[in-house]
Amino acid sequence: RWESHPARTSAAAADERTPAADRQAEARATRRRLGLDEATGLPRRPAFVVECARVLRARATRDGSAREARSARTVALLAVRLEGARSSESAVEELGEVLSRHTRGGDMVARVADDALAALLPDLEPGEVDEIARRLAQATDAMRRRATWP
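Note that the coordinates shown come from a computational prediction; the quantities given were computed from them, not determined experimentally.

**Student:** It is not clear to me how unusual backbone geometry should be interpreted in this structure. Could you clarify?
**Tutor:** Trans is the common state for peptide bonds, and a negative phi is the common state for residues other than glycine. Of note, Asp123 is a non-glycine position whose phi angle comes to about 50°, a positive value. One can find Asp123 in strand β3 (residues 116-124).

Given below as structure tokens:
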């Protein structure tokens, strides 16, 4: 029968999709195409490694002197790994949002593993990394208190 034909069944299912589901599917496809993590929308590990190398290379050659570059500003890397039940996709998504919200505009936040995120913080003033780390610690503590993580 026509109703039970696979092409007809998939066409009917496609007609039943909601606009929100269509937007979500389109967003996932765009993230895949751009090499971004589908769940968080953040860059993945390969892009993060390339950016780390670029920042360190630029820092070492700034003003033609590695010594001057080293004394100017600091580069920091913050890494966060979720363990056990806390490594669910929803927890990773929420942590990605927190890291993105509490870092500076030129910083790079990426998903570097299934259960880990990292932030590259170039051109820091002395003491600035401590302030950023403090804000991130407060934000993740607030997440735990709200019991949004399993």
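This is not the end of the story, as more comes after the structure.
**Student:** It is not clear to me how the sheet that holds strand β1 (residues 74-81) should be interpreted in this structure. Could you clarify?
**Tutor:** Two modes of strand pairing occur in sheets, parallel and antiparallel, and in both the strands are linked by backbone hydrogen bonds. Taken together, three strands build an open sheet; the order of strands is β1-β3-β2 and the sheet is antiparallel. At either end of the open sheet lies a strand with only one pairing partner, and these are β1 and β2 (108-113). When the angles between neighbouring strand axes are averaged without regard to direction, this sheet yields 25°. Bridge count between β1 and β3: seven bridges; the pairing is antiparallel. Pairing of Arg81 across the sheet is with Ala116, part of β3.

**Student:** Would you mind going over the environment of Leu120 with me for this structure?
**Tutor:** Within the fold, Leu120 resides in strand β3. The class of Leu120 is buried, set by a relative accessible area of 4%. Along the chain, Leu120 and Thr103 lie 17 residues apart, while their C-alpha atoms are 9.3 Å from each other. Apart from residues lying up to four places away in sequence, Leu120 is in contact with Phe48, Glu51, Cys52, Val55, Val75, Ala76, Asp107 and Met108.

**Student:** For this particular structure, what's the right way to read the pairing of β2?
**Tutor:** Two faces, one strand: in a regular strand the side chains alternate between the faces of the sheet. In terms of residue burial, β2 counts as a mostly covered element, since five of its six residues are buried. Bridge count for β2 against β3 is five bridges, and the pairing is antiparallel. Among the inter-strand pairings, Arg111 is bridged to a residue of β3, identified as Leu117.

**Student:** Mind showing me how you'd approach the pattern of salt bridges here?
**Tutor:** Oppositely charged side chains can pair when the atoms bearing their charge come close. Tallying each qualifying case throughout the model produces seven salt bridges. Note that Arg104 is salt-bridged to Asp107, the shortest N-O span being 2.6 Å. Residue class for Arg104 comes out partly exposed when judged on its relative accessible area of 24%. Among the salt bridges present, the one from Arg134 reaches Glu131, with a minimum N-O distance of 2.4 Å. A residue pair is termed a helical-turn pair when its members lie 3 or 4 positions apart in one helix, as Arg134 and Glu131 do in helix α6 (residues 128-145) at three residues. Taken together, the shared-partner salt bridges connect Asp37, Glu89 and Arg111 into one network.

**Student:** Help me understand the environment of Ala116, please; the structure alone is not making it clear to me.
**Tutor:** Note on placement: Ala116 falls in strand β3. The exposure class assigned to Ala116 is buried, which follows from its relative accessible area of 13%. Considering only alpha carbons, one finds Ala116 and Leu82, 34 residues apart in sequence, at a separation of 6.2 Å. Once residues lying within four places of it in the same chain are set aside, the contact partners of Ala116 are Val80, Arg81, Ala110 and Arg111.

Reading guide: rules and limits
Residues numbered from 1 in each chain as written. Predicted model: local features only at pLDDT ≥ 70, side-chain atom pairs only at ≥ 80, totals over all residues. Heavy atoms only, no water. Helix = DSSP H or I, 4+ residues; strand = E, 2+ residues; numbered from the N terminus. Pairing = 2+ DSSP bridges. Axes fitted to C-alpha atoms, helices over the stretch in contact; angles between N-to-C directions. Buried < 20%, exposed > 50% of the residue type's maximum accessible area, 1.4 Å probe, protein only. Contact = heavy atoms within 4.5 Å. Salt bridge = Lys/Arg side-chain N within 4 Å of Asp/Glu carboxyl O.

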